[in-house]
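# Close look at the chain arrangement
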Amino acid sequence: MTSLTIITRLTDGLPLAASIQEDEKTGRDLQHYQNQAKQLCRKLNAQSPDRCTLEAGDMNFHYLIAQGVCYLFLCEAQFPKKMAFAYLGDLHSEFYEQYGKKVATVTRPYSFIEFDTYIQKTKKSFVDSRARRNFGSINTELQDVQRIMVANIEEVLQRGESLSALDTKASNLSSLSKKYRSDAKYLNTRSTYAKVAAVSVFFITLIIYVRFWWL
């Protein structure tokens, strides 16, 4: 599977570690995606969504921001999103344990390039078909994976629109959607009460009429 994993410092986009895997069968050139990944990492900041998926044709960028570090994973679009973010979460746990206290002080790119060994091993365990079959048993906090923001990489990089702005728009749309559902529920409730009241009035009127008629 063609993939690219990059770990960068959030404050300045400094690359800390990376791992590239090219699939000779597809003949896909990763240079273009590498350039996009570098641009994206330089655009991210503390206001960016902490998890996001960026669509790039038949490939997807998934990233996770945690404790001042960005973990970016490029993979084929059909690769399960839930598995991609579980993979990034695994990388974060191990990377922070090994290098968390050193991240803020390093000055040269790829200071932790030796972490590539762990990246390769972890990625293989997630890509492996047996791991996919058993993925449902993995204890993960990604039950709400469908709520992760999705954007287009070209729009973010070329139009210059920040991910925080896109996230704000998505939040606004979500708020409007919730308000619409709330209003619709209120109107449905009122409609139900009105129908019940109308039926009640009908039966009360009928009872009064029948008693009056027979008396």
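For the structure, check the block above.
Residues numbered from 1 in each chain as written. Predicted model: local features only at pLDDT ≥ 70, side-chain atom pairs only at ≥ 80, totals over all residues. Heavy atoms only, no water.

## Regarding unusual backbone geometry
Phi is positive for glutamine 67, which is not a glycine, with a value near 50°. Relative to the assigned elements, glutamine 67 resides in the loop between strand S4 (59–66) and strand S5 (69–76). For glutamine 67, a relative accessible area of 52% puts it in the exposed group. (Helix = DSSP H or I, 4+ residues; strand = E, 2+ residues; numbered from the N terminus. Buried < 20%, exposed > 50% of the residue type's maximum accessible area, 1.4 Å probe, protein only.)

## Some details on the packing of aromatic side chains
For the structure shown, the criterion picks out 11 aromatic pairs. Both rings, one in phenylalanine 95 and one in tyrosine 99, keep their centres 5.1 Å apart while their planes meet at 50°; by these two values the pair is tilted. Residue phenylalanine 95 and its partner tyrosine 99 are located together in helix H2 (residues 81–99), separated by four residues, close to a single helical turn. When the centroid spacing of 5.7 Å and the interplanar angle of 75° are considered together, the rings of phenylalanine 95 and phenylalanine 112 count as edge-to-face. Of this pair, phenylalanine 95 sits in helix H2 while phenylalanine 112 sits in the loop between H2 and helix H3 (116–127), and the two are 17 residues apart along the sequence. Phenylalanine 112 carries the same exposure label as phenylalanine 95, and that label is buried. Pairwise contacts between aromatic rings join Tyr71, Phe95, Tyr99, Phe112, Phe115 and Tyr118 into one cluster. (Phe/Tyr/Trp six-rings, centres within 6.5 Å; stacked < 30°, edge-to-face > 60°.)

## Some points on the pairing of S4
With eight of its eight residues buried, S4 lies for the most part within the structure. The side-chain alternation of S4 yields two buried faces, one formed by Met59, Phe61, Tyr63 and Ile65 and the other by Asn60, His62, Leu64 and Ala66. In terms of strand pairing, strand S3 (residues 51–56) meets S4 through six bridges, oriented antiparallel. Bridge pairing in S4 places threonine 53 opposite histidine 62. Linking S3 back to S4 in an antiparallel pair, the connection comprises two residues, with glycine 57 at a positive phi of about 70°. In this antiparallel pair of consecutive strands, S4 and S5, the connection spans two residues, and glutamine 67 shows a positive phi of 50°. (Pairing = 2+ DSSP bridges.)

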